[in-house]
Amino acid sequence: MNILLELFVVTFRVLWAFVLAAAKWLVRPKEKSVAGQVCLITGAGSGLGRLFALEFARRRALLVLWDINTQSNEETAGMVRHIYREVAEAAPRVAGDGEKDALPHCNLQVYTYTCDVSKREHVYSTAERVRKEVGEVSVLVNNAGVVSGHHLLECPDELIERTMMVNCHAHFWTTKAFLPKMLEMNHGHIVTVASSLGLFSTAGVEDYCASKFGAVGFHESLSHELKAAEKDGIKTTLVCPYLVDTGMFRGCRIRKEIEPFLPPLKPEYCVKQAMRAILTDQPMICTPRLMYMVTFMKSILPFEAVVCMYRFLGADKCMYPFIAQRKQATNNNEAKNGI
């Protein structure tokens, strides 16, 4: 009898979850404040990482920027400081409206660290510096990512290992470094910037797909672990965008008749959608929403049916032009340097 009662309760909760999800589509949830909280972003020197930094800066978070490229990381920091100055100049107008500032603007700072997230010793040592020099991290954005751009049999083992280390293993090291304090305080937010290629795959980028599938699996398991530990104060958000026009996959093409309906995403749009999900504690965001349907269809259709769909869309070999461009660029660079 108890199990029947539990089954009834579970059924009700599942249906209620659908109701709440539908309500969020109709009524936009209020965004939470991250003012004064320490936000660490990996891969902050360019692409989505830089845009995430600028968005968090506009919301008066204290930024900690990690990137392997010191120069580009400092360029991002300069942009963040410019936003901080704009926020400080706007402070009198905010105060004039009778709204009390959550944080004195003079305390807004950005910290930069050169860190190779593929090396766990470097991650742990840099994390220790952050704790001593800045404080405990409240928002962790695992964004750093690389792509080799080679067919499997042509890809050097070192590049495969690096792709797995940066895109997947680094999430373990950064989370292990900062999660203990979040658990102690029952407060924090962990963001995993994965990819639609972590939900469904395509040909020619086996290492990238494997790394993103790994990141998605890590994130989902971590989310369940936090729920099992009843640490509801620690939120998680999985970000899975479609192809983003950052240059990372330059040359990637689907069928030309379909491409106008599914063009590469503008990076600014992708980050704004992700920020809305993060600040409303949304567990997962796929951009565009069509990706939800693609993932669902991939899960229920026979494999041969999925292959037919891929071929119709031109998604089966969409990475081949990108790989060809990478190979040509590599050959030209080798010829230029006399290798």
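It should be emphasised that the depicted structure is a prediction, and the values quoted were computed from it without experimental measurement.

Following the criterion strictly, the structure yields zero disulfides and no others. Take Cys252: it sits in no disulfide, and the sulfur closest to it among the cysteines is that of Cys318, at 4.1 Å.

Below, the discussion takes up helix 9 (residues 303–313). Burial in helix 9 covers these residues: Val306, Val307 and Tyr310. Buried residues along helix 9 cover an arc of 100 degrees about the axis, so they all sit on one side. The outward face of helix 9, more than 90 degrees from its buried face, is lined by the exposed residues Glu304, Cys308 and Phe312. At the C-terminal side of helix 9, Gly314 shows a positive phi close to 75 degrees.

Here we take up the packing of helix 4 (residues 120–133) against helix 5 (residues 157–185). Running from N to C, helix 4 and helix 5 cross one another at 30 degrees; their axes reach a closest spacing of 9 Å. It follows that helix 4 is roughly parallel to helix 5 by the angle criterion. Two packed elements cross with a definite hand, and for helix 4 against helix 5 that hand is right-handed. Every residue of helix 5 that contacts helix 4 at Arg120, Val123, Tyr124, Ala127, Val130 and Arg131 is listed here: Trp173, Thr174, Lys176, Ala177 and Phe178. Grouping the constituent residues of the contact of helix 4 with helix 5 by class yields seven nonpolar, one polar and three charged.

Moving on to the pairing of strand 6 (residues 234–241). Of all eight residues in strand 6, seven are buried, a share of seventy percent or more. Bridge count for strand 5 (residues 188–193) against strand 6 is six bridges, and the pairing is parallel. Bridged to Gly188 within strand 6 is Ile234. Each parallel crossover has a hand, and for strand 5 linked through helix 6 (residues 206–228) to strand 6 it is right-handed. The sheet contact formed by strand 6 and strand 7 (residues 284–287) spans four bridges and is parallel. Residue Val239 lies in a different strand from strand 7, and its bridge partner there is Ile285. Since strand 6 and strand 7 lie parallel, the crossover through helix 7 (residues 267–279) that links them has a hand, and here it is left-handed.

With parallel pairing, seven strands are arranged side by side in an open sheet as 3-2-1-4-5-6-7. The outermost strands of the open sheet, each flanked by one partner alone, are strand 3 (110–114) and strand 7. Across the sheet, the mean angle separating the axes of adjacent strands is 15 degrees when strand polarity is ignored. Sheet strands in contact with helix 5 are strand 1 (38–42), strand 2 (62–67), strand 4 (139–142), strand 5 and strand 6, and its direction is about 170 degrees off that of strand 4.

Within a pair of aromatic rings, the relevant descriptors are the distance that separates the centres and the angle that separates the planes. Going through the model one piece at a time under the given rule, you end up with five aromatic pairs. Geometrically, the ring pair formed by Phe172 and Phe218 is tilted, given 4.4 Å between the ring centres and 45 degrees between the ring planes. Taken together, the residues span a long stretch of sequence, with Phe172 in helix 5 and Phe218 in helix 6 at a distance of 46 residues. What makes Phe172 partly exposed here is its relative accessible area of 34%. Its relative accessible area of 14% is what places Phe218 among the buried residues. Taken together, the aromatic side chains of Phe172, Trp173 and Phe218 make up a single cluster linked through ring pairs. Lying over the aromatic face of Trp173, Arg120 brings its terminal NZ or CZ to 5.8 Å of the ring centre.

Judged by nonpolar contacts, the single largest core of 91 residues is most densely connected at Phe52, Phe56, Leu63 and Trp66. In contact with Phe56, other than residues within four places in its own chain, are Val34, Cys39, Ile41, Ala61, Leu63, Val139, Val141, Met275 and Ile278.

So, on to helix 5. In an α-helix there are 3.6 residues to a turn, and that puts residues three or four apart on one side. For helix 5, with 29 residues, the first-to-last C-alpha span of 41 Å sits near the 42 Å given by 1.5 Å per residue. His169 marks where helix 5 bends most, by close to 45 degrees. Following helix 5 by one or two positions, Asn186 adopts a phi angle in the positive range, close to 50 degrees.

Tallied over the entire structure, the rule returns twelve salt bridges. Ionic pairing is found between Arg58 and Glu55, a salt bridge with its closest N-O pair at 3.1 Å. In this pair, Arg58 and Glu55 are both assigned in helix 2 (residues 47–58), three residues apart and thus about one turn of the helix distant. We classify Glu55 as buried; its relative accessible area is 8%. Taking the shortest distance from any N to any O, the salt bridge between Glu55 and Lys272 comes out at 3.2 Å. Of this pair, Glu55 sits in helix 2 while Lys272 sits in helix 7, placing them 217 residues apart in sequence. Under the relative-accessibility criterion, Lys272 is labelled partly exposed at 48%.

With respect to the helices and strands, Glu75 occurs in helix 3 (residues 70–96). Glu75 sits in the partly exposed class, given a relative accessible area of 40%. Between the C-alpha atom of Glu75 and that of Ser46, which follows or precedes it by 29 residues, the distance is 9.0 Å.

Cut-offs applied
Residues numbered from 1 in each chain as written. Predicted model: local features only at pLDDT ≥ 70, side-chain atom pairs only at ≥ 80, totals over all residues. Heavy atoms only, no water. Disulfide = S-S within 2.5 Å. Buried < 20%, exposed > 50% of the residue type's maximum accessible area, 1.4 Å probe, protein only. Helix = DSSP H or I, 4+ residues; strand = E, 2+ residues; numbered from the N terminus. Arc of directions from axis to C-beta. Axes fitted to C-alpha atoms, helices over the stretch in contact; angles between N-to-C directions. Parallel < 35°, antiparallel > 145°, perpendicular 65-115°, else oblique. Left-handed = near helix turned anticlockwise from the far one by under 90°. Contact = heavy atoms within 4.5 Å. Nonpolar A, V, L, I, M, F, W, Y, C, P; charged D, E, K, R; others polar. Pairing = 2+ DSSP bridges. Right-handed = clockwise from strand over helix to strand, strands pointing away. Phe/Tyr/Trp six-rings, centres within 6.5 Å; stacked < 30°, edge-to-face > 60°. Lys NZ or Arg CZ within 6 Å of the ring centre and 35° of its normal. Core = buried A, V, L, I, M, F, W, Y, C linked by side-chain atoms within 4.5 Å. Expected span 1.5 Å × (residues − 1). Bend = angle between axes of the 7 residues up to and from the residue. Salt bridge = Lys/Arg side-chain N within 4 Å of Asp/Glu carboxyl O.

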